[in-house]
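Here's the letter readout for the chains.
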Amino acid sequence: MILVTGATGNIGSSLLKQLRALGADPIRALTRNTARAAFPAGVEAVEGDLSDISSLTDALDGVRSMFLVPRLGPDTEIIDRARRAGVEHVVLVSSITVATHPHLGPAADNAAVEKLLEASGMDWTILRPTQFASNALMWSSTIQAGRPVQVPYADTGLPTIHPADIASVVRVALTEPGHRGQRYALTGPAPVSARQQVATIAELLNRDIEFAEITREHARPGMIAAFGEDAADAVLDVTGGDVNEGLLRVRDTVPRVTGSAARTFAQWAEENIDAFR
């Protein structure tokens with residue numbers, strides 16, 4: 001039995017589709033509300049919440065492998081409960097900032113979860129992706145309303161990753177040998193700046209989108225509203241204020257692990273363009 005947490009999220013929803021296409025069975029998806037969730041045929045939906053440890057008993061019953069989204073509940077208790085339930089292997093999605101920006105609070109939090117898993121006695125695979133292509137959805141309401149997209153660090157190009165590529169690496173790690181005890185840094189195939197992302201979306205919409213670069217100071221209130229004060233400065237740092245070679249470098253991990261080329265930002269945008277109409 002494979003358990004997928006975060007099953008309705010960008011990674012989890014793609015992972016479920018890929019596992020079913022592969023013919024992997026059985027698969028269980030954890031969701032807060034089974035009545036509202038729509039999963040591929042053959043996936044067992046089980047109701048539970050990572051923030052409520054007592055709700056995980058049924059979800060973990062018979063599970064041998066697990067995809068874990070961290071920091072959605074008490075990770076120490078979640079990992080301990082998984083171990084005691086007999087889970088043998090956990091694939092954890094962390095962040096590339098654990099290596100590139102260890103001084104930042106969110107990176108330190110992810111590093112702490114990694115250490116908990118490594119010390120748990122279960123086998124593990126740790127994934128450290130860079131910026132998600134789906135982060136562009138933060139502009140969707142602005143673009144729909146015809147307002148200008150305003151961002152700081154407009155021309156900093158990060159190797160943004162398609163969430164489906166993260167899911168592909170998770171799928172391989174869960175279903176094929178040779179990936180236990182591995183840490184994988186994951187990126188997209190090329191750097192792409194915020195300016196380039198908005199230009200791609202504009203081209204797909206076949207209309208102009210007004211774009212303006214703003215200062216960090218101007219951007220910070222909006223970041224605080226979106227991410228909270230503690231995380232706002234960290235987000236600003238890793239999106240341009242404190243970039244380094246480790247954050248900018250393109251890795252070949254996705255094609256090397258999955259055997260398929262990494263998806264581009266343009267592909268993600270084309271698949272999700274209706275969100276911007």
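Throughout what follows, the structure given in this document is the object of discussion. (Residues numbered from 1 in each chain as written. Predicted model: local features only at pLDDT ≥ 70, side-chain atom pairs only at ≥ 80, totals over all residues. Heavy atoms only, no water.)

1. Let's talk about the layout of surface pockets
And step 1. Quantified by volume, the largest pocket comes out at close to 1,300 Å³.
And step 2. Of all elements in the fold, only α1 (10–22), β2 (27–31), α5 (105–118) and α10 (229–241) reach the threshold of two or more residues within the lining of the largest pocket.
And step 3. Class assignment of the residues belonging to the lining of the largest pocket gives a composition of 22 nonpolar, 16 polar and 3 charged.
And step 4. Looking at the second largest pocket, its volume works out to about 620 Å³.
And step 5. Surrounding the second largest pocket, 28 residues form its lining, Met138, Trp139, Gln150, Val151 and Met223 being those nearest its centre.
And step 6. Of all the secondary structure elements, the ones that give two or more residues to the lining of the second largest pocket are β7 (149–151), α8 (194–205), α9 (216–227) and α10.
And step 7. Per-element accounting of the lining of the second largest pocket gives the leading share, 6 residues, to α9. (1 Å grid on protein atoms, 1.4 Å probe; cavity = no way out; pocket = protein on both sides within 12 Å on 5 of 7 lines; lining within 4 Å. Points joined across faces, edges and corners; volume = space filled by probe spheres on them. Helix = DSSP H or I, 4+ residues; strand = E, 2+ residues; numbered from the N terminus. Nonpolar A, V, L, I, M, F, W, Y, C, P; charged D, E, K, R; others polar.)

2. What to know about the pairing of strand β4 (residues 65–68)
And step 1. Here β4 shows a buried face lined by Ser65 and Phe67 and a second buried face lined by Met66 and Leu68.
And step 2. Where strand β1 (residues 2–4) lies against β4, 3 bridges are found, and the strand directions are parallel. Bridging across to β4, Val4 finds its partner in Phe67.
And step 3. Direction of pairing for β4 relative to strand β5 (residues 89–93): parallel, over a ladder of 4 bridges. Counterpart to Met66 in the pairing with β5 is Val90. (Buried < 20%, exposed > 50% of the residue type's maximum accessible area, 1.4 Å probe, protein only. Pairing = 2+ DSSP bridges.)

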